[in-house]
Each structure stands twice: as structure tokens, then as C-alpha cells.
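# Working through the structure, step by step
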Amino acid sequence: DTAVSQTPKYLVTQMGNDKSIKCEQNLGHDTMYWYKQDSKKFLKIMFSYNNKELIINETVPNRFSPKSPDKAHLNLHINSLELGDSAVYFCASSPRGRLTEAFFGQGTRLTVV
Amino acid sequence: GQQLNQSPQSMFIQEGEDVSMNCTSSSIFNTWLWYKQDPGEGPVLLIALYKAGELTSNGRLTAQFGITRKDSFLNISASIPSDVGIYFCAGRAEFGNEKLTFGTGTRLTIIP
């Protein structure tokens, strides 16, 4: 029944490690996103994919690499994790077209120690 | 980059009171959205606005798309405990551009 689901919900890892966050949507949407929410709750877009094609890449370090195997999935891989990467990462999706609204997953709280 | 400023940053109100918050931009937006985020959850869409001057309601919530296209307002009438959370405005600058810019958020707390 879940529309946009992310795994894991919590991720605690050491500096320098590589980790992945998975996202799946069953809404049939064409566009998927990754957002980062910092400790002050500020939400900022990181990436957007449309039908497996990258369309938005917002000045994100290249340690972050999104991968979209199909239009229902958008995973986020992070290399060489740093303390500053600690945040909540949200996956979202929206239908393509003029009247678009983003539907968000529950978030993945990443803590780098 | 574009920024959306929300005010107030936080509100402490009593149950039953009405709430007003707004969002302003330095540039024009063609779409305004209002989201609510509960602790440990993702933002949930409350209201979407697509035309300047548009006034839209969703139950006790009413939002307006400012005529200048640079602002939007959200009102909550007769607040209840489950209204507690963080409210975000979000704007889309161009039709067909999937990028949403989020506001800084308004944290609503209800005092017993």
C-alpha cells in the first residue's frame, strides 16, 4: 500500500564507509527525486530523474551517485562518507506534466560517526 | 539560488486558535505548494496552487497564491492537537521544471 518507500529508515556508519539508500515508488510516476534535510530542517533537492534519465543535479559532491535501474526505483549511493553527510535523506516522486506535486517517502536518517 | 522565506519561524498557540503563516520569494513562482511534516515522517502535501490569486481550501486549511506571484499564505482555522508539526511552502519557478524550492519552515506547537 506504501506509495514511496525507502530503506533503510535509519543508517549509522563510520566515516569513510560507502553506503546505499534504496527507494521505490508504486505510483506509476515518471519523475523521482532525492532531497536532503539538514539539522535545521531545511529541505534541498539533490537529484531528479525522469524515466531513468538524470535531469537535475544540484551541486552535490560526486561522492553521491544516484542510480535509476527503472522508473520505479531511484537509489542513492554515497562513497567515502563524511561527518557532514549526516542528515535525513528523502526520496520523492511526481507525475510528469504541468500540474506536478512531489510525494515523499518516510526518509532515511543517516548518521556518520 | 532562489530562496523562500517563511514566517513566522515558530508559533506557540492554544488549541482552537486560528493560525496564519506566509512564504515570500525574491523571484516569481508559477506553482505554490504547502506541505506538513510530522516528526520522523516525510512531508505530506496539503494544498497545491497553480494560478495567481487562487484561493484553495482543504478542510480547515486555506491557502492563497499571491497576486505578485512572489508569495503565498496558509491559514489554519480552529487548530487541533494533530496540527502540530512543521509546515513548509514550496515553489516551482517554471512549468515543466521538476525542481521544487522549499521554504525554511514554520514549526507549530499547541500549548495545552
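For clarity, every value in this text was computed on a predicted model and none was experimentally measured. (Residues numbered from 1 in each chain as written. Chains lettered and ligands numbered in written order. Predicted model: local features only at pLDDT ≥ 70, side-chain atom pairs only at ≥ 80, totals over all residues. Heavy atoms only, no water.)

### Let's talk about the sheet that holds strand E8 (residues 71-76) of chain B
Residue and element names in this part refer to chain B. Selection rule: At least two bridges found by DSSP between two strands is the condition for calling them paired. A run of DSSP states H or I qualifies as a helix once it reaches four residues; a run of E qualifies as a strand once it reaches two. Both are numbered from the N-terminal end. Note on geometry: axes are lines fitted to C-alpha atoms, helical ones only across the stretch in contact, with angles between N-to-C directions running from 0 to 180 degrees.
Taking strand neighbours across the sheet as the criterion, the five strands line up as E1-E3-E8-E7-E6 in an open arrangement whose pairing is antiparallel. Each end of this open sheet is capped by a strand with a single partner; those strands are strand E1 (4-7) and strand E6 (55-58). Within this sheet the neighbouring strands show an average axis-to-axis angle of 15 degrees, counted without direction. In the sheet, E1 pairs with strand E3 (residues 19-25) via four bridges, with the strands oriented antiparallel. Paired with Gln6 across the two strands is Cys23, which belongs to E3.

### Notes on the interface of chain A and chain B
Our working definition: In what follows, a contact means two residues having at least one pair of non-hydrogen atoms within 4.5 Å. Take the accessible area each of two parts loses on contact, using a 1.4 Å probe, and add the two losses: that sum is the buried area. Within this document, salt bridges are pairs made up of a side-chain nitrogen of Lys or Arg and a carboxyl oxygen of Asp or Glu, the two lying within 4 Å of each other. Side-chain atoms alone can form a polar contact between residues adjacent in sequence; in general such a contact is a pair of N or O atoms within 3.5 Å, and within protein one must be able to donate a hydrogen while the other accepts it.
Counting residues at the interface gives 23 residues for chain A, matched by 22 residues for chain B. Across the chain A to chain B interface the summed buried area is about 2,000 Å²; carbon plus sulfur atoms make up 56%. Put simply, chain A and chain B have zero salt bridges between them. In this assembly, chain A and chain B are joined by five residue pairs in polar contact (both at pLDDT 80 or more). Only strand E4 (31-37), strand E5 (43-50) and strand E6 (53-57) of chain A provide two or more residues apiece to the side of chain A that touches chain B.

### With respect to the confidence of the model for chain B
Just so we agree on the cut-off: For every residue, the pLDDT score states the predictor's confidence, bounded by 0 at the bottom and 100 at the top.
Averaged over all residues, the pLDDT of chain B is 92; the fraction at 70 or higher stands at 95%. Summarising per-element confidence for chain B, the mean pLDDT is lowest in strand E10 (residues 101-102) of chain B (90) and highest in strand E7 (residues 61-65) of chain B (98).

### Some thoughts on the nonpolar core
In plain terms, the rule: Within this scheme, the nonpolar core is defined by two criteria: the residues are buried Ala, Val, Leu, Ile, Met, Phe, Trp, Tyr or Cys, and they are joined through side-chain atoms within 4.5 Å. We call a residue buried when its accessible area falls under 20% of the maximum for its residue type, exposed when it is over 50%, and partly exposed in between, using a 1.4 Å probe and counting protein chains only.
Ranked by internal contacts, the top residues of the largest apolar core, which has 22 residues, are Trp32, Trp34 and Leu74 of chain B. Of all the secondary-structure elements, those providing two or more residues to this core are strand E2 (10-14), E3, strand E4 (31-37), strand E5 (44-49), E7, E8, strand E9 (85-92) and strand E11 (106-111) of chain B.

### Here we look at the side chain of Thr31 of chain A
All names here are of chain A. Checked against the element boundaries, Thr31 lands in strand E4. A residue is classified by how much of its surface remains accessible, and Thr31, at 0% relative accessible area, is buried. Polar side-chain contacts of Thr31 include one of 2.8 Å to the side chain of Asn50.

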